[in-house]
Each structure stands twice: as C-alpha cells, then as structure tokens.
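Letter by letter, the chains look like this.
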Amino acid sequence: MGFTHFRSRLLLIVAALFLAIAFLAYHKLGEKTEGLSEKHRSENSLTYTLSPKTAVGLDAAGQKGALPGDKTRLSGKSHKRAEQDTQLAELLKLASQSPSDAIAEVLNMAPGSLQRRAMAIVFDQWAKQDPAAAGTWILQNKTMPQQLLTTASIALAKQWSTSAPENALQWSGSYFKQTDDHGAFQNAIISWTRQDPAAAGQHIAAYSYGETPDYLATMEFVNIYAQQNLEAAMQWVETNTPQDLQPDAQLAIIDRLARKDPARATEYVMRSDNLENIESNLDALLLQWTNTDINAATEWVNNSLSPEHRDQAYIQLAEITRDQEPALAIQYAQALGDDNYRQTVTKDILSDWRDQNRGAADQWISENFNNIDTSILIDIGYSSEVSTEP
C-alpha cells in the first residue's frame with residue numbers, strides 16, 4: 001500500500017514538471033514568432049506555404065537545388081574534380097616540356113582511373129610533338145603495369161594516326177607482335193579508316209602484319225567502311241580480301257545489307273561465288289532480318305531455298321526464337337525435312353522450355369499432343385504424366 005501511494009505521488013510530480021516545461025517552451029516560441037510579418041504566417045500551424053516535396057527542391061534563395069547534405073556532397077565532388085582538372089592541366093603543361101618527367105609523375109600516382117587519364121594525356125601530347133620518340137619509350141618500358149601500357153599505346157596510336165596514319169599503324173603492328181596487346185593497332189585502323197578509307201584500304205590490302213593482325217585489320221576496316229559506303233565496301237571485299245578471310249568479311253557486309261535492304265542481302269547470300277559460305281551467311285542474314293520482319297524472312301526461307309539450305313535456315317530460325325517464343329521455335333523445328341534434326345531440335349527446345357516455364361510448356365504439349373513424336377515426350381520426361389491419355 002505504501003509503495004503504491006509513493007508511486008502515485010511520483011507520477012504527479014513528473015506530470016507537473018512536464019507541464020511547466022511545455023508552458024515555458026510555448027511562451028518562448030510565441031516571443032520568437034511575434035516579430036514575423038503576417039505574410040510568413042500560416043492560418044494553420046500544420047500547413048506549409050510550400051509543400052514538403054517542393055520545399056525540398058528549393059535552396060535558400062527560393063531556387064531549385066539540392067538538400068543541404070546533398071550540396072555538401074556535391075560541393076565535395078566538384079571540389080575534388082576541380083583539383084583533378086588542375087592537376088591534369090599542370091601535367092599537360094609538363095608533358096609539353098618534358099614528357100619523361102610527366103611520365104614519372106604519372107607512375108607515382110595512385111593506381112586508378114585518374115592515373116590512366118593522366119597517362120593518356122601525356123602520350124596524346126607527346127604524340128603531337130614527337131610520336132616516334134613516344135613509341136620508342138613505350139617499347140623500351142613494356143614492363144610497366146599493363147593497364148598503363150595499353151592506355152599509353154592507344155593514346156599514342158590514335159593521335160599519331162591523325163598526322164601520319166601509316167607510320168602509326170606500322171608502329172602499332174610492331175607493338176602488337178611484341179606484346180600481344182591489340183588495342184593500339186585496332187584504334188589506329190579505326191582512326192585511319194574513318195578519316196581516309198581509300199588510303200587505309202589500299203594499305204591493308206598491300207601490307208601484311210601477320211595472321212592475327214591482318215584478320216583484325218581486315219574486319220575492323222570492312223565493318224567501318226560498310227557503314228560509310230556499303231557499295232564500295234562490297235567491292236573492296238570482293239577484290240582485296242584473302243580467301244581465308246572472305247567468310248567473316250562477307251558476314252560484315254550481310255549484316256549491313258540486311259539492315260538496309262533485306263532483298264539485296266538475300267541476293268548477295270545466294271550469289272554463286274558466295275555459296276560456299278552459305279551456312280554462315282544464312283545465319284547472319286536471318287539474325288538481322290528477323291529483328292525487323294520475321295514473317296518476310298520465313299516466307300523467303302519457305303519459297304526460295306533448296307531443301308538442304310531450308311533445313312539450315314529452319315535450325316537458325318528455331319535458335320533465334322527459342323528463348324522468347326518457344327512455341328514458334330518448335331514450329332520451325334517441326335518443319336525440318338531431316339528426321340534426326342527434327343527430333344533433336346524439337347526435344348532440345350521442349351526440354352529447355354519445361355526447365356524455364358513448365359506450366360506453359362506442358363499446356364502447349366497437351367494442346368499439341370497428337371503432333372509430337374512419343375519418343376520426344378519420353379526423352380524429356382513427360383511420358384509418365386501423359387500415360388493415361390486416351
């Protein structure tokens with residue numbers, strides 16, 4: 001009883017203290033707001049002159065901006081970026097005076113994107129002044145970190161290509177052979193082709209850098225040239241591409257043709273001198289054509305190809321559609337003339353479909369049960385589920 005009475009008194013004391021504190025706080029708040037003009041007051045103390053959503057987006061001047069915390073973070077990022085820009089500008093100035101000193105500074109920087117940017121700036125500048133010396137330095141310092149080596153060689157090759165593309169490509173080819181790093185060589189080809197495709201094509205046709213560089217040079221050139229001047233690129237491939245590179249070069253042409261004019265692409269694929277590459281060419285044609293008009297592509301396959309080539313096309317169409325439209329892919333598979341192909345492709349598609357969406361696949365099977373070979377259903381593990389079917 002005594003403890004209960006004591007607790008009651010204690011609660012009354014706490015309540016009285018709370019009321020006193022609340023009164024004082026209210027009184028001070030009234031003093032602070034007395035000096036405010038009427039236009040800054042709201043009739044309801046719980047309403048906002050601006051909605052909270054809008055207020056968040058305004059700064060102290062009433063302009064849209066970030067929250068104070070965001071401003072601090074943005075200010076910090078901007079300050080850091082400004083410091084980096086200043087550092088890179090000073091490095092560029094040093095590179096124009098003493099490239100070796102500039103490189104020494106770059107190598108002393110912490111590894112990361114800023115260091116790679118700095119290395120690119122130094123070698124871009126050095127390539128403007130003395131690209132041969134820059135190239136010599138790289139070949140004599142191939143033991144530096146690979147990312148920096150690649151960055152330096154690409155920056156040199158790109159800038160050098162603007163003034164002396166043949167020299168740039170020859171240096172890049174030598175660098176490629178010594179390091180197996182293709183970046184500089186690839187960028188030199190791209191840069192030269194974009195600025196003077198006729199000269200670049202003439203050089204590539206006449207000069208060999210080795211099996212792998214020659215392949216890379218040919219394919220990069222044809223891909224870019226076909227975007228610039230498709231007719232000229234087709235002629236170049238026919239005249240200048242070595243026989244062993246013809247299949248891949250034709251794929252680049254077909255890819256561009258199928259985007260612009262599928263009918264011409266089909267003529268190109270079916271040309272007698274291209275028939276030896278018809279399987280890969282059909283794949284390239286249909287892969288692109290089905291993106292724009294799968295019905296037209298299917299009609300052409302049905303009406304224009306020999307049975308052997310038609311089966312090849314059906315297999316490609318089934319492969320293209322199996323992930324997004326498995327029911328359509330099965331139709332292509334079922335159209336195959338070769339029994340083994342038909343069984344194998346249909347089984348693979350149904351098996352994958354059941355793995356990804358068993359309900360939809362089994363629904364399709366139940367609706368098309370009489371059109372599916374029983375051995376396929378057994379192979380995919382469906383037979384036990386349909387053994388009671390009439």
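Everything below is about the structure shown above.
Quick caveat: nothing in here was measured; it's all calculated off a predicted structure. (Residues numbered from 1 in each chain as written. Predicted model: local features only at pLDDT ≥ 70, side-chain atom pairs only at ≥ 80, totals over all residues. Heavy atoms only, no water.)

Asker: Can you explain the overall build of the protein? Please cite residues and give values.
Answerer: Along its length, the protein carries 21 helices and zero strands. Across the 390 residues of the protein, 36% fall into the buried class. Within the protein, contacts between residues separated by at least 24 positions form 51% of all contacts whose residues are at least 6 apart in sequence. On the protein, roughly 23400 Å² of surface is accessible, and the fraction owed to carbon and sulfur atoms is 51%. (Helix = DSSP H or I, 4+ residues; strand = E, 2+ residues; numbered from the N terminus. Buried < 20%, exposed > 50% of the residue type's maximum accessible area, 1.4 Å probe, protein only. Contact = heavy atoms within 4.5 Å. Areas by Shrake-Rupley, 256 points an atom, 1.4 Å probe, with all protein chains shown as cover.)

Asker: Let's hear about the pattern of salt bridges: which residues, and what values?
Answerer: Counted by the stated rule, this structure contains ten salt bridges. The partner of Asp255 in a salt bridge is Arg259, with the nearest N and O atoms 3.1 Å apart. Residue Asp255 and its partner Arg259 are both found in helix H13 (residues 246–260); the two are separated by four residues, about one turn of the helix. For Arg259, a relative accessible area of 47% translates into the label partly exposed. In this structure, Asp339 and Arg342 form a salt bridge, with 2.3 Å as the shortest nitrogen-oxygen distance. In this pair, Asp339 and Arg342 both sit in helix H19 (residues 339–356), three residues apart, roughly one turn of the helix. The partly exposed category is assigned to Asp339, whose relative accessible area is 48%. Overall, Arg342 belongs to the partly exposed group, its relative accessible area being 21%. In this structure, a network of salt bridges that share partners links the residues Glu238, Arg271 and Asp273. (Salt bridge = Lys/Arg side-chain N within 4 Å of Asp/Glu carboxyl O.)

Asker: Kindly report on the nonpolar core, identifying the contributing residues and their values.
Answerer: With 92 residues, the main nonpolar core has Phe123, Ile138, Ile253 and Leu350 as its most contacted residues. In contact with Ile138, other than residues within four places in its own chain, are Phe123, Leu149, Ala152, Ser153, Leu156, Trp171 and Tyr175. (Core = buried A, V, L, I, M, F, W, Y, C linked by side-chain atoms within 4.5 Å.)

Asker: Tell me about helix H6 (residues 131–140), and please be specific about residues and values.
Answerer: Residues spaced three or four apart along an α-helix point in a common direction, a consequence of the helix completing one turn every 3.6 residues. Inspection of H6 places Pro131, Ala134, Gly135, Trp137 and Ile138 among the buried residues, and these make up the whole buried set. The buried side chains of H6 occupy one side of the element, clustering within an arc of 160 degrees when seen end-on. Where H6 is buried, its residues meet helix H4 (99–107), helix H5 (113–129), helix H7 (146–163) and helix H8 (165–179). (Arc of directions from axis to C-beta.)

Asker: Explain the packing of aromatic side chains to me, using residue names and the numbers behind them.
Answerer: Scanning the model with the defined rule gives twelve aromatic pairs in all. Their ring planes at 55 degrees and their centres at 5.7 Å tell us that Phe123 and Trp137 sit as a pair that is tilted. Taken together, the residues span a long stretch of sequence, with Phe123 in helix H5 and Trp137 in helix H6 at a distance of 14 residues. Accessibility classification places Phe123 together with Trp137 in one group, the buried group. Members of the aromatic cluster, connected to one another through ring pairs, are Phe176, Phe185, Tyr207 and Tyr209. (Phe/Tyr/Trp six-rings, centres within 6.5 Å; stacked < 30°, edge-to-face > 60°.)

Structural measurements only, silent on function.
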